[in-house]
Amino acid sequence: MTRRDRAYLDHIQECARRIEENAESGRDAFLSSHTLQDAVLRNLQTLSEATQRLSDTLKESHTEIELAQIAAFRNILVHDYLGVDIEQIWQIIRRDIPKLKTAVISMLSDSN
């Protein structure tokens, strides 16, 4: 793993941590707070951008992460922001972020 890949994986992990932190008050608090929603959306954008910058070698060796879907999701967040469904974002926080965190931790530990 390159130093650059490690830096991006660390950044992805930090964004995931922030997303979970901003959602820890629960669904109702998240859905009623534009501030929490904006914080989560910003970190999702940053996280998804960082996944696109990982080396092809790393991406090819870790197909358990659906990087093409994450890239497509980033394009929706950035270019179709009026079409973002906050309820769907909540589902992503609960369903996908923990899986991504686990995969990133595994990738980082494989490199040691």
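Coordinates for the structure precede this section.
Analysis parameters
- Residues numbered from 1 in each chain as written.
- Predicted model: local features only at pLDDT ≥ 70, side-chain atom pairs only at ≥ 80, totals over all residues.
- Heavy atoms only, no water.
- Salt bridge = Lys/Arg side-chain N within 4 Å of Asp/Glu carboxyl O.
- Helix = DSSP H or I, 4+ residues; strand = E, 2+ residues; numbered from the N terminus.
- Phe/Tyr/Trp six-rings, centres within 6.5 Å; stacked < 30°, edge-to-face > 60°.
- Buried < 20%, exposed > 50% of the residue type's maximum accessible area, 1.4 Å probe, protein only.
- Axes fitted to C-alpha atoms, helices over the stretch in contact; angles between N-to-C directions.
- Left-handed = near helix turned anticlockwise from the far one by under 90°.
- Contact = heavy atoms within 4.5 Å.
- Nonpolar A, V, L, I, M, F, W, Y, C, P; charged D, E, K, R; others polar.

Engineer: Account for the pattern of salt bridges, naming residues and giving values.
Structural biologist: Going through the model one piece at a time under the given rule, you end up with nine salt bridges. Notably, a salt bridge pairs Lys101 with Glu20, separated by 2.6 Å at the nearest N-O pair. Taken together, the positions of Lys101 in helix α6 (residues 86–110) and Glu20 in helix α1 (residues 3–23) put the pair 81 residues apart, joining distant regions of the chain. Among the charged side chains, a salt-bridge network with shared partners connects Glu14, Arg17, Arg18 and Glu21.

Engineer: Quick one: what's the story with the packing of aromatic side chains, residue by residue and with numbers?
Structural biologist: Inspection of every chain in the model, using the stated rule, returns one aromatic pair. Residues Phe30 and Trp90 carry aromatic rings whose centres are separated by 5.5 Å and whose planes lie at 35° to one another, so their mutual orientation is tilted. Placement of the pair is Phe30 in helix α2 (residues 27–32) and Trp90 in helix α6, with a sequence separation of 60 residues. Just as Phe30 is buried, Trp90 falls in that class too.

Engineer: Before we move on, can you summarise the packing of α1 against α6 with the specific residues and values?
Structural biologist: Two elements in contact, α1 and α6, have axes separated by 10 Å at closest approach and are oriented at 150°. Pair α1 / α6 crosses with left-handed handedness. Contacts between α1 and α6 involve Arg6, Leu9, Asp10, Ile12, Gln13, Ala16, Ile19, Glu20 and Ala23 on the former and, on the latter, Trp90, Ile93, Arg94, Ile97, Pro98, Leu100, Lys101, Val104, Ile105, Met107 and Leu108. Residue composition of the contact of α1 with α6, by class: 14 nonpolar, one polar and five charged.

These figures capture arrangement, not role.
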